[in-house]
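Report on the structure
Chain residues, written in single-letter form:
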Amino acid sequence: MESLKLPATGRTPEVDFDFAQGVLRLSGESYPDDVATFFGPIFAALRAFLAEAGGHPIRFDMELLYFNSSSAKALMNIFQMLETAAGNGRIISVTWCYEENDDSMQELGEDFAEDLHHVSFTLKQIPADGAS
């Protein structure tokens, strides 16, 4: 399956889904004007990837510095897709990166983690300059 790569904009995150390697990454900020238009192709590509035969492990790196409530719903949809796949036997890990001293992003990661039972979820503090 072909990778999905979208550059970051002022309102949308960088999307780097390397399906061949099983490494998926969102980074930056997410508050698009139209969440459905932005996340729709991401959902479709992820669904297609998860439906493919082949069970190599999947690593999902979340490095969002900020997202709005509409993006939070979209992220929950992504996590639900990953949770379903993990419940069906796929090995899936999520790394939730948050900047040091950003308690709200840490708490949001903890909240998402509580809803996932089959996905391995790790919170990772990164320096405030964004270097991971």
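Residues numbered from 1 in each chain as written. Predicted model: local features only at pLDDT ≥ 70, side-chain atom pairs only at ≥ 80, totals over all residues. Heavy atoms only, no water.

1. A look at the environment of Q80
Basically, it comes down to this: Where helices and strands are cited, they refer to DSSP runs of H or I of at least four residues and of E of at least two residues respectively, numbered from the N terminus.
Within the secondary structure layout, Q80 lies in helix 2 (residues 69–87). The spatial distance from the C-alpha of Q80 to the C-alpha of F49 is 14 Å, given a sequence separation of 31 residues.

2. Remarks on the environment of A45
One can find A45 in helix 1 (residues 35–51). When the C-alpha positions of A45 and H117 are compared, they lie 23 Å apart, and in sequence the two are 72 residues distant.

3. A closer look at the pattern of salt bridges
Spelled out, the test is: Throughout this description, the term salt bridge denotes a Lys or Arg side-chain nitrogen within 4 Å of a carboxyl oxygen of Asp or Glu. Categorising residues by exposure relies on relative accessible area from a 1.4 Å probe, with only protein chains included: less than 20% of the type maximum marks a residue as buried, more than 50% marks it as exposed, and the intermediate range marks it as partly exposed.
Scanning all chains against the criterion turns up five salt bridges. Here E14 makes a salt bridge to R25, at a shortest N to O gap of 3.6 Å. Of this pair, E14 sits in strand 2 (residues 14–18) while R25 sits in strand 3 (residues 23–30), and the two are 11 residues apart along the sequence. Judged by relative accessible area, E14 falls into the partly exposed class, the value being 31%. Look at R25 and you get partly exposed, because its relative accessible area is 24%.

Keep in mind these values describe shape, not function.
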